[in-house]
Amino acid sequence: MATITIYLTYQSPNLMWRNDPSEEWKVMEETSVTADTSAGDTVKWVHDDTIRKIVNIKVGRKNKTSTPGYKWKDIWSQKPKNQNDFVGIVSSSMHEGDTDGYDITVQTVADGNVTVDPGVDVTKPPKE
């Protein structure tokens, strides 16, 4: 089991993400890549000083549109909750095209609350 950390920053008007501090920032949007996970992995979101706090990670939007040819699935056995940052535990692996139906709301220093609706694709971040 691994801990997969997703780093967040705010660059107006976009919320940005990366899996590793050595990577370039990417826009977190519906086609975002988050992680290639295995059952029991922990996914943790952390933020820098452009964001005052992660307000909420809302999980379970079963009406969210999935990639054509794929069905929405809830990957969480423990839905993300606030433990200083936000942490969730996955129940099954994400595969290309899966959509795990979460919205992330952060309170930015510059623009107040910002909500994004990221999707899921496959990448392989460094495993701890």
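For the structure itself, consult the block above.
Just so it is clear, the structure is predicted and the values come from calculations on it, not from any experiment. (Residues numbered from 1 in each chain as written. Predicted model: local features only at pLDDT ≥ 70, side-chain atom pairs only at ≥ 80, totals over all residues. Heavy atoms only, no water.)

Peer 1: In this structure, what is going on with the overall build of the chain? I would like to understand it.
Peer 2: Of regular secondary structure, the chain possesses 0 helices and 9 strands. Reading the chain from its N end, one meets helices and strands in the order β-β-β-β-β-β-β-β-β. Taking all 128 residues of the chain together, the buried fraction comes to 44%. Within the chain, contacts between residues at least 6 apart in sequence are counted, and of these 65% link residues at least 24 apart. Accessible surface, the chain as shown: approximately 6600 Å² in total, 46% of it carbon and sulfur. (Helix = DSSP H or I, 4+ residues; strand = E, 2+ residues; numbered from the N terminus. Buried < 20%, exposed > 50% of the residue type's maximum accessible area, 1.4 Å probe, protein only. Contact = heavy atoms within 4.5 Å. Areas by Shrake-Rupley, 256 points an atom, 1.4 Å probe, with all protein chains shown as cover.)

Peer 1: Can you help me understand the environment of V46 in this one?
Peer 2: Of note, V46 is situated in strand β4 (residues 42-47). The sequence separation of V46 and D85 amounts to 39 residues, and the corresponding C-alpha distance is 5.5 Å. Every residue in contact with V46, bar those within four places of it in the chain, is listed here: T5, I6, Y7, L8 and D85.

Peer 1: Even after reading the chapter, I still don't get the sheet that holds strand β2 (residues 14-18), so can you show me in this structure?
Peer 2: Adjacent strands of a sheet form backbone hydrogen bonds with each other and so pair up, either parallel or antiparallel. Overall, mixed pairing links the 6 strands, which are arranged β3-β2-β1-β4-β7-β6 in an open sheet. Since the sheet does not close on itself, it has two edges, and those belong to β3 (26-27) and β6 (76-83), each with one partner. Pairing of β6 with strand β7 (residues 85-90), which is carried by 5 bridges, proceeds in the antiparallel orientation. What sits directly across from N82, in β7, is F86. (Pairing = 2+ DSSP bridges.)

Peer 1: Could you clarify how one ought to interpret the sheet that holds strand β5 (residues 51-59) in this entry?
Peer 2: Taken together, the 3 strands give an open sheet; going across it, the order is β5-β8-β9, and neighbouring strands pair in antiparallel fashion. Both outer strands of the open sheet, β5 and β9 (112-116), are each paired with one neighbouring strand and no more. Direction aside, the axes of adjacent strands within the sheet are offset by 20° on average. With 5 bridges joining them, strand β8 (residues 102-108) and β9 adopt antiparallel strand pairing. Counted as the bridge partner of V106 is V114 from β9. (Axes fitted to C-alpha atoms, helices over the stretch in contact; angles between N-to-C directions.)

Peer 1: Looking at this model, I keep getting lost on the pattern of salt bridges. Mind explaining?
Peer 2: Note that side chains of opposite charge can pair when their charged atoms are close. Going through the model one piece at a time under the given rule, you end up with 1 salt bridge. Residue K26 pairs with E23 through a salt bridge whose shortest N-O separation is 3.6 Å. Classification of E23 as partly exposed rests on a relative accessible area of 25%. (Salt bridge = Lys/Arg side-chain N within 4 Å of Asp/Glu carboxyl O.)

Peer 1: Is there a simple way to think about the nonpolar core in this case?
Peer 2: A general tendency of soluble globular proteins is for nonpolar side chains to be buried together. One finds L8, W45 and I104 to be the most contacted residues of the largest nonpolar core, which totals 21 residues. Of all the secondary-structure elements, those providing two or more residues to this core are β1 (3-11), β2, β4, β5, β7, β8 and β9. Excluding residues that lie within four positions of it along the chain, W45 makes contacts with I6, L8, I54, I57, W76, P80, D85, F86, G88, Y102 and I104. (Core = buried A, V, L, I, M, F, W, Y, C linked by side-chain atoms within 4.5 Å.)

Peer 1: Hey, could you run me through the pairing of β4 in this one?
Peer 2: On any regular strand, side chains alternate: one points to one face of the sheet, the next to the other face. Sheet analysis places β1 next to β4, joined by 6 bridges and oriented parallel. Counted as the bridge partner of I6 is W45 from β4. Summarising the sheet, β4 and β7 pair through 4 bridges and their orientation is antiparallel. Counterpart to V43 in the pairing with β7 is G88.

Everything listed here is a matter of geometry and, on its own, says nothing about what the molecule does.
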